There are 2 protein chains.
Amino acid sequence: MARWSPDARSRLAQAALELYLERGFEQTTVAEIAGRAGLTERTFFRHFADKREVLFVRTAALETHMVEAVLGAPEGRPMDLIVAGLSAGDTFFRDSRAWSQRREQVILANASLMERELIKINTLKAVLAAALVRRGVAEPAATLAAAAGTVVYRQAFERWIGAPEEAEWATMVQQVREDLDLVLGHQEQA
Amino acid sequence: MARWSPDARSRLAQAALELYLERGFEQTTVAEIAGRAGLTERTFFRHFADKREVLFVRTAALETHMVEAVLGAPEGRPMDLIVAGLSAGDTFFRDSRAWSQRREQVILANASLMERELIKINTLKAVLAAALVRRGVAEPAATLAAAAGTVVYRQAFERWIGAPEEAEWATMVQQVREDLDLVLGHQEQA
């Protein structure tokens, strides 16, 4: 069982992940996912457009949460606002490392899931850029900072799922931001 | 006609782009593309896996060219090597602005083409990271620098297709790199 609320959406997501790991993503049908969750196929499609989308069950909520954090962050340079937004993911990531690890394993093994992941990251970029614009950052700087933010997001995520249980998401975000400064040649300020 | 060599691949790409603009991507068949190029459907599939891939006719060659430039660049910090790689795209981009503008218009209007574009950028990230590793950059710094490089690449591309005819690709890359420093909060060094 997922540790988060066992409503229909999360039951379907949990069932899908189990089946994708047991039988493979391609070999699993929506009917089987619904069956394992004790729900109907019709219910599945009320919640998810397809069997790829079910693995992105919390993406929209995470995005909204990060956007709100960007909008509510103290004054700062564009990347400070973005880092405040990303760090707010802490509440989402806590207690979900095992789920995220298994989910990542499935995504990396399937090109069509990796495609969906890239689209989600591109959407995150767009919503973070829009949030920066609302904070008074002009384009194209807003999109550039948001794109750099998704780079930090993705690498922080990869480190976080491989990190010890006690490692915190916000710490990973901060570390990657510092490493980004290093590779860009700003180590004097780190 | 494309200004680059009128071989089968480029004739097919040119025909595809024209048809996608005239009728829409979804409404165009491979048979129609081949017909307009004066070639057979069989020839099309010898060169391209599908009708999305035909718009990425030069992507692999551009990647190879950029990777070689990273491998041959003077010693520097990871992002200096990446910028040297990206800047080497100059020879590819020169004289192809009109094609690139029309191609971009088609891609932005079609979700499935945008997906393919995101996959290509993800591949660019992977090959640039591998080139950095060959230059002695350790992971995860190599992937982080390469990912930042694709952010620069994408925004430089967007600026370049909207820029006056005389604007040079390498100049755009340099400007975006400086703007990235600004949004990250390193304007003191710019």
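Residues numbered from 1 in each chain as written. Chains lettered and ligands numbered in written order. Predicted model: local features only at pLDDT ≥ 70, side-chain atom pairs only at ≥ 80, totals over all residues. Heavy atoms only, no water.

Quick word on helix α5 (residues 78-87) of chain B
Within α5(B), eight of the ten residues are buried, which leaves it mostly tucked inside the rest of the structure. Among the residues making up α5(B), those that are buried are B:Pro78, B:Met79, B:Leu81, B:Ile82, B:Val83, B:Gly85, B:Leu86 and B:Ser87. Contact partners of the buried residues in α5(B): α10 (169-184) of chain A together with α4 (59-72), α6 (90-93), α8 (111-134), α9 (141-161) and α10 (169-184) of chain B. (Buried < 20%, exposed > 50% of the residue type's maximum accessible area, 1.4 Å probe, protein only. Helix = DSSP H or I, 4+ residues; strand = E, 2+ residues; numbered from the N terminus. Contact = heavy atoms within 4.5 Å.)

As for the domain arrangement of chain A
How big an interface is tends to be reported as the loss of accessible area on association of its parts. Residue and element names in this part refer to chain A. Structurally, chain A comprises domain 1 (8-53) and domain 2 (58-184). On a C-alpha basis, the centroid separation for the pair domain 1 and domain 2 is 26 Å. Domain 1 puts eleven residues into the contact, and the matching count from domain 2 is eleven residues. Taken together, the two surfaces of domain 1 and domain 2 that pack against each other cover about 1100 Å², and 55% of this comes from carbon and sulfur. The largest per-residue losses of area from domain 1 upon contact with domain 2 belong to Leu 17, Leu 21 and Arg 52, which jointly make up 53% of the total buried on that side. Along the contact surface separating domain 1 from domain 2 lie three salt bridges. A salt bridge links Arg 116 to Asp 50; the nearest nitrogen and oxygen atoms lie 2.8 Å apart. (Domains from an automatic or database assignment. Buried area = accessible area lost by both parts, 1.4 Å probe. Salt bridge = Lys/Arg side-chain N within 4 Å of Asp/Glu carboxyl O.)

Structural notes on the interface of chain B and chain A
Residue-level contacts link 30 residues of chain B with 30 residues of chain A. Both faces combined, the contact of chain B with chain A buries some 2800 Å², and carbon together with sulfur accounts for 64% of it. For the pair chain B and chain A, the interface holds zero salt bridges. In this assembly, chain B and chain A are joined by eight residue pairs in polar contact (both at pLDDT 80 or more). For the side of chain B that touches chain A, the secondary structure elements donating two or more residues are α5, α8, α9 and α10 of chain B. Here the side of chain B that touches chain A is built from residues that sort into 16 nonpolar, seven polar and seven charged. (Polar contact = N/O pair within 3.5 Å; in protein donor to acceptor, adjacent residues only side chain to side chain. Nonpolar A, V, L, I, M, F, W, Y, C, P; charged D, E, K, R; others polar.)

Comments concerning the side chain of A:Arg52
You can see A:Arg52 is positioned in the loop between α3 (41-47) and α4 (59-72). Here A:Arg52 is in contact with A:Phe25, A:Ser112, A:Leu113, A:Glu115 and A:Arg116, once residues within four sequence places are set aside.

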